[in-house]
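Descriptive structure summary
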Amino acid sequence: MKFEKLDLNLLVALDALLTERNVSVAAERVHLSQSAMSGALNRLREFFKDELLINIGRRMVLTPRAESLAEPVAEMLLQVKTMITTPPEFDPTTSDRRFSVIASDYVADVLLAGALRHIHAVAPGVSIEMLLPDDTLTERLERGEIDLLINLEPYLAPFHPREVLFEDDFVLVAWAENDLVGDAVSFDQFFELTHVAVQHGRNRHPAFEQWFLERFGRTRRVEVFSPSFSLVPQLVLGTRRIATMHRRHAEHYARFLPLRLLSSPLDIPMVREMVQWHKFKRRDPGVQWLQRTLRDHAATLSQPAPAASMGKG
DNA sequence: GCTAAGTAAAGGGTGGGAGC
DNA sequence: GCTCCCACCCTTTACTTAGC
């Protein structure tokens, strides 16, 4: 059977070829032999009257025609995949579905840990695969590989639905016995003290608050770069370092670690943690249930306290 | 029986490394 | 810098299989 003289199965091969730019790897991806994929490429070349992929040395490069086909073909296949794999109904009490969620360890601590307790109570068969953000998170959302992405607004993918989960502000955190820090830290003292900062991903993207500081033209004396938010309190304990942490996260750790929380001398704006899902999943009742559940749980979180008068130790 | 699409195997182009 | 060898990758060919 053909559609407009094209065997639609060839679009699956085309998508793999355009993504991988390698006949052998594309063949492996769609479970064909390498020569079968080469044959499929020939039929595609014949249909589109274009070379599509050109051999330059050992590399295959896309023609302009192939470049123009890559995105619409990938999007169309994702739409088809969503259509045929999404169950028409979702019953949390009986579902054994597995959801994948990208969120930082900070969001995991302040939101997901509690939300997952609730989810397990109402949906005992449901499982959640939690993934940490990396440099590929928007690509993974675009490819439909994840169900929900939780991140700050600047790091979300464009053109997909999103919703605010909760807001947070920042506080300074010091070891309770840090003798360099009193009840408050002045603006100048902030830049004199040594810091623990968070950097994510292979390209070493700085965390939001450091990005903000760089906008001010001042840099901190960062003594330790932490790959995660959760490691920050451990890197402050027993030292004279301070760290700038999300308030909810800092309060979470101060419950069981000897930490002192202080107001930041910098007027750092609040951040908004948002949840995002692929536009093709807006009709997925399971994803919408999970998104609503997280939103409802986020609404039960206490609002951040006013930024003054902490000095907890 | 015909046709299309698959596999296995052979052939050929290219790039990188080793040796001189 | 040149040559040789080898690995990698794509194309082609011969044959097989499945659907009509």
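The model shown is predicted, which means the values in this text are computed figures rather than measured ones. (Residues numbered from 1 in each chain as written. Chains lettered and ligands numbered in written order. Predicted model: local features only at pLDDT ≥ 70, side-chain atom pairs only at ≥ 80, totals over all residues. Heavy atoms only, no water.)

1. Description of helix α3 (residues 34-48)
- Helix length check: α3, at 15 residues, gives a terminal C-alpha distance of 21 Å against a target of 21 Å (1.5 Å per residue), a fit within 8%.
- When we look at burial in α3, the residues that qualify are Met37, Ala40, Leu41, Leu44, Arg45 and Phe48. Relative to the axis of α3, the buried residues are bounded by an arc of 145° and lie together on one face. Those residues of α3 that are exposed and aimed more than 90 degrees away from the buried face are Ser35 and Glu46.
- For α3, the secondary structure elements touched by its buried residues are α1 (9-20), α2 (23-29), β1 (53-56), β2 (59-62) and α4 (64-85).
- Trailing α3 by a residue or two, Lys49 shows a phi angle of about 50°, which is positive. (Helix = DSSP H or I, 4+ residues; strand = E, 2+ residues; numbered from the N terminus. Expected span 1.5 Å × (residues − 1). Buried < 20%, exposed > 50% of the residue type's maximum accessible area, 1.4 Å probe, protein only. Arc of directions from axis to C-beta. Contact = heavy atoms within 4.5 Å.)

2. A look at the sheet that holds strand β5 (residues 148-152)
- Pairing within the open sheet is mixed, and its five strands lie in the order β4-β3-β5-β13-β6. Edge positions in the sheet fall to β4 (127-131) and β6 (162-168), since each of these pairs with one other strand and no more. On average, each strand axis in the sheet is tilted by 20° relative to the strand beside it, whichever way the strands run.
- The pairing of β5 with strand β13 (residues 271-276) spans four bridges and is antiparallel. Across the sheet, residue Leu149 finds its bridge partner in β13, namely Gln276.
- The strands touched by helix α5 (residues 105-122) within the sheet are β4, β5, β6 and β13, with β6 carrying the most contacts at an inclination of about 110°.
- Along the sheet, helix α11 (residues 285-299) contacts β3 (98-102), β4, β5, β6 and β13; its crossing angle with β6, the most-contacted strand, is approximately 20°. (Pairing = 2+ DSSP bridges. Axes fitted to C-alpha atoms, helices over the stretch in contact; angles between N-to-C directions.)

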